[in-house]
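# Survey of secondary and tertiary structure
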Amino acid sequence: VARARRFRARPSWRPSSLPTQNRRTGGPVPFVAASFNVPSDKAALDAALEGLVRVDVVQLRRKPRPALYASRVRYQRDRGETWDSADVVYQRGWGDCEDLASIRAAELRLRGIRARAVVRASRTPGVAWHCVVLLPNGKYEDPSLRLGMV
């Protein structure tokens, strides 16, 4: 009897093989999370947020920055729904809930803490969801509140 082989997806790129310099301008090449229509399914939102955390881990490992809470980055609600990576947020100086939660989760992972950025139902009128960090002890941390969300 033949056994079925388990398929394991492997990335087609490695962080060390990514270009670090823009050929045209000579400046650094930022990883910018693509804009997309935000899905309404919580599982799809969590999966997209996990992808952003992984991008942030690569960026923070490649170019260390001050800790999020010690930096000049602040919370500001995004007019559109663009999910931005750490490079963009630190350069711009602000991010909204998913940007800040993904950066904070990436920081904690780089310190060996198994944190996850997750989507929760929002209590704010007119806002369907909100992103926070789930810590290994089961508690939630909200970077948006610590960085100026009212």
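This section reports on the structure supplied with the text. The structure presented is a predicted model; accordingly, all values stated were derived computationally and were not measured. (Residues numbered from 1 in each chain as written. Predicted model: local features only at pLDDT ≥ 70, side-chain atom pairs only at ≥ 80, totals over all residues. Heavy atoms only, no water.)

### What about the overall build of the protein chain?
Counting secondary structure elements, the protein chain contains 4 helices and 5 strands. Each helix (α) and strand (β) of the protein chain, taken in turn from the N terminus, gives the series α-β-α-β-α-β-β-β-α. For the protein chain, buried positions account for 39% of its 150 residues. When contacts within the protein chain are restricted to residue pairs at least 6 apart in sequence, those whose partners lie at least 24 apart make up 53%. (Helix = DSSP H or I, 4+ residues; strand = E, 2+ residues; numbered from the N terminus. Buried < 20%, exposed > 50% of the residue type's maximum accessible area, 1.4 Å probe, protein only. Contact = heavy atoms within 4.5 Å.)

### Overview of the nonpolar core
As a rule of thumb, nonpolar side chains are buried together in soluble globular proteins. One finds Leu68, Tyr90, Leu100, Ile103, Trp129 and Cys131 to be the most contacted residues of the largest nonpolar core, which totals 27 residues. Sort the elements by how many residues they give to this core and helix α3 (residues 97–110) lands first, with 7 residues. Once residues within four sequence positions are removed from consideration, Tyr90 is found in contact with Leu60, Arg65, Pro66, Ala67, Leu68, Ser71, Val73, Ile103 and Glu107. (Core = buried A, V, L, I, M, F, W, Y, C linked by side-chain atoms within 4.5 Å.)

### Digging into the sheet that holds strand β3 (residues 116–121)
The strand order across the open sheet built from 3 strands is β3-β4-β5, with neighbouring strands paired in antiparallel fashion. If you trace the sheet from one side to the other, it starts and ends with β3 and β5 (140–141), each paired once. As paired elements, β3 and strand β4 (residues 129–134) share 6 bridges and run antiparallel to each other. Counterpart to Arg120 in the pairing with β4 is His130. (Pairing = 2+ DSSP bridges.)

### Here's the deal with the pattern of salt bridges
Counted according to the given criterion, the structure contains 9 salt bridges. For Asp46, the salt bridge goes to Lys42, with nearest N and O atoms at 2.5 Å. Placement of both Asp46 and Lys42 in helix α1 (residues 42–62) is noted, with a separation of 4 residues, approximately one turn of the helix. For Asp46, a relative accessible area of 18% puts it in the buried group. (Salt bridge = Lys/Arg side-chain N within 4 Å of Asp/Glu carboxyl O.)

### A few points about the side chain of Asp87
Inspection of the secondary structure puts Asp87 in helix α2 (residues 86–92). Using a relative accessible area of 8% as the deciding quantity, one classes Asp87 as buried. For Asp87, the side chain forms a polar contact with the side chain of Arg62, separated by 3.0 Å. (Polar contact = N/O pair within 3.5 Å; in protein donor to acceptor, adjacent residues only side chain to side chain.)

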